[in-house]
Amino acid sequence: MTSAAVPDHPWLLPGALAEAAGRTRRTTRDWLVDALCFLIALGFALLAFEDATSAAPQFALNTGPAWLEELDFACGLAAAAALWVRRRWPVGLALASLPLATFAVSASAALLIIIFTVAVHRPFPVAAGLVSVHVLLSFAYYGLRPDPGAGFWAATVWTVLFITAVLAWGMFVRARRQLVVSLRERAERAEAEQQLRVAQARHLERTRIAREMHDVLAHRISLLSLHAGALEFRPDAPPEEVARAAGVIRGSAHAALQDLREVIGVLRAETVAEEAPERPQPTLGDLPALVEESRAAGVRVGVRDLVTAAEQVPAAVGRSVYRIVQEGLTNARKHAAGAGVTVDVAGAPGDGLTVEVRNRWPVGGVASPEIPGAGTGLVGIAERVSLAGGRLEYGRDDSGDFRLAAWLPWPA
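Residues numbered from 1 in each chain as written. Predicted model: local features only at pLDDT ≥ 70, side-chain atom pairs only at ≥ 80, totals over all residues. Heavy atoms only, no water.

A. Representation of the overall build of the protein within the structure. Within the protein, the regular secondary structure consists of eleven helices and five strands. Sorting the 412 residues of the protein into buried and exposed places 37% on the buried side. Long-range pairs, those at least 24 residues apart, make up 72% of the contacts in the protein between residues at least 6 apart in sequence. Accessible surface computed for the protein: about 23300 Å², of which carbon and sulfur atoms make up 63%. (Helix = DSSP H or I, 4+ residues; strand = E, 2+ residues; numbered from the N terminus. Buried < 20%, exposed > 50% of the residue type's maximum accessible area, 1.4 Å probe, protein only. Contact = heavy atoms within 4.5 Å. Areas by Shrake-Rupley, 256 points an atom, 1.4 Å probe, with all protein chains shown as cover.)

B. Representation of the sheet that holds strand E4 (residues 391-396). Pairing in this open sheet of five strands is mixed, and the strands run E1-E2-E3-E5-E4 from one edge to the other. At either end of the open sheet lies a strand with only one pairing partner, and these are strand E1 (301-307) and E4. The average undirected angle you get between the axes of adjacent strands in this sheet is 5 degrees. The strands that helix H10 (residues 315-335) touches are E1, strand E2 (341-348), strand E3 (352-359) and strand E5 (402-408); relative to E3, the one it contacts most, it runs at about 5 degrees. Taken strand by strand, helix H11 (residues 377-387) contacts E4 and E5, and its axis lies near 155 degrees from that of E4. (Pairing = 2+ DSSP bridges. Axes fitted to C-alpha atoms, helices over the stretch in contact; angles between N-to-C directions.)

C. Looking closely at unusual backbone geometry. Unusually for a residue other than glycine, Ala309 sits at a positive phi of about 55 degrees. Residue placement: Ala309 occurs in the loop between E1 and H10.

D. The arrangement of the pairing of E5 in detail. Here E5 lies mainly inside the structure; five of its seven residues are buried. Pairing geometry for E3 and E5, over seven bridges, is antiparallel. Residue Arg358 lies in a different strand from E5, and its bridge partner there is Arg403. From the end of E4 to the start of E5, which pair antiparallel, there are five residues, and Gly400 there has a positive phi angle of about 95 degrees.

E. Just the packing of aromatic side chains, in detail. Under the definition given, this model contains five aromatic pairs. With centroids separated by 6.3 Å and ring planes inclined at 45 degrees, the aromatic side chains of Trp31 and Trp84 adopt a geometry described as tilted. One end of the pair, Trp31, is in helix H2 (residues 28-52); the other, Trp84, is in the loop between helix H3 (66-82) and helix H4 (90-96), and 53 residues separate them in sequence. On the basis of relative accessibility, which here comes to 29%, the residue Trp84 falls in the partly exposed class. With a centroid separation of 4.7 Å and an interplanar angle of 45 degrees, the aromatic rings of Phe116 and Trp169 are classed as tilted. One end of the pair, Phe116, is in helix H5 (residues 108-121); the other, Trp169, is in helix H7 (residues 152-233), with 53 residues separating them in the sequence. Under the relative-accessibility criterion, Trp169 is labelled exposed at 54%. Through pairs of rings, three or more aromatic residues link up here, namely Trp31, Phe38 and Trp84. Here the basic side chain of Arg88 rests over the ring of Trp89, its NZ or CZ set 5.4 Å away from the ring centre. Arg396 extends its terminal NZ or CZ atom over the ring of Trp361, reaching a point 4.2 Å from the ring centre. (Phe/Tyr/Trp six-rings, centres within 6.5 Å; stacked < 30°, edge-to-face > 60°. Lys NZ or Arg CZ within 6 Å of the ring centre and 35° of its normal.)

F. Seen up close, the pattern of salt bridges. Under the definition given, this model contains nine salt bridges. Between Asp344 and Arg304 there is a salt bridge, with the nearest N and O atoms lying 2.6 Å from each other. Taken together, the positions of Asp344 in strand E2 and Arg304 in strand E1 put the pair 40 residues apart, joining distant regions of the chain. A relative accessible area of 14% means that Asp344 is categorised as buried. Residue Arg358 is joined to Asp397 by a salt bridge in which the shortest nitrogen-to-oxygen separation is 2.0 Å. (Salt bridge = Lys/Arg side-chain N within 4 Å of Asp/Glu carboxyl O.)

G. Structural view of the confidence of the model for the protein. Taken over all residues, the pLDDT of the protein has a mean of 78, while the share at 70 or more is 76%. Low pLDDT (under 50) marks residues 271-277, which in the prediction has three contacts with non-local residues, meaning those over four places away or in another chain. (pLDDT = per-residue confidence, 0-100.)

H. Expanded view of the nonpolar core. Counting 32 residues, the largest nonpolar core has Leu83, Leu100, Phe103, Ala104, Ala107 and Val131 as the members making the most contacts within it. Broken down by secondary-structure element, the contributors of at least two residues to this core are H2, H3, H4, H5, helix H6 (124-144) and H7. The element that contributes the greatest number of residues to this core is H5, accounting for nine residues. With residues up to four places along the chain from it excluded, the contact list for Val131 reads Ile115, Ile163 and Leu167. Residues Val313, Val317, Leu329 and Val343 belong to the second largest nonpolar core, which totals 29 residues. (Core = buried A, V, L, I, M, F, W, Y, C linked by side-chain atoms within 4.5 Å.)

I. Focus on the side chain of His134. The residue His134 is located in helix H6 in this model. Leaving out residues up to four positions away in the same chain, His134 has contacts with Ala94, Leu98, Ala101, Leu111 and Ile115.

Structure below.
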């Protein structure tokens, strides 16, 4: 639970609500209420005993034998003392005090408090059953201690109404506490769900960044490997070619370091800053520059562009096409060095956009690439295409070439 969910003054809450807030012991409020209930029950027992033993009792129903009044007073004191455990054993205390309802005037206040406690802490069927027993015992009470000021039935009706009012009050308190607990649980559940949504959004964002960085870094590092391999293979190359290759290596290395620095900064952050602007993402219009980079590295790439209304291609679709071609060229450089690559892009609004990258299978099979890979490039491409609602195929075809092909939806 967060600190915002903890109340400012938990000692003012009843035990049931304080327990829901993380506390399990009796609160200060509970001690004060229990002390007040004990004093009320004790004071009523003392007043009833004093009235019953006086020369002129004010309540005729308190009259009776001397031993009955002494027993009545002792039961009243015991019932008042038992109120200290009414929160722990409300039903047991109510059952144990049932005999007192037949004769004990001094225990009347304590009995009402016990009934109220049962109504607050136990379900309605339990409380209603105990109240019904108390109502039945009131007949025996007025039979043993008749009230000359009122008839038998009148006194019984008034007692039933009073006990019912106490039951209703206890039920109201119980319903209010349950409502508060329910609202707190709903608030905690909503907060937990919000934190889960934030965590999921952060995870999805980091997964997207990781997928983008895999595509970008694999492409740049494969170019670095090709240019470095050319310098190693042709140490006697003309100075102009060496300088050009070194410039490409330096630029690719700087770009790769910049990309790596950005992704590490994002992944180290606790939250992804929504207001931080991202660098422009590649689109279908950046495809020629991607092909020229591979050609400059010595890869023979042929391109057939049959896209109608290329300027209307959605940015997300164009970016997916760019990443597919980028992954195809990277894999060709890594696994089929020296093989020619053909890139076909075609489509029109309403028909979708198809992209195919094909390269000859290397003679003698695929050797271990000089550039190690995690094997997740095609997995990421497949996920990207699936999220876009398209289809992806890759593998050797009937002619023996390796083929990477995808179809992406392009709404009319």
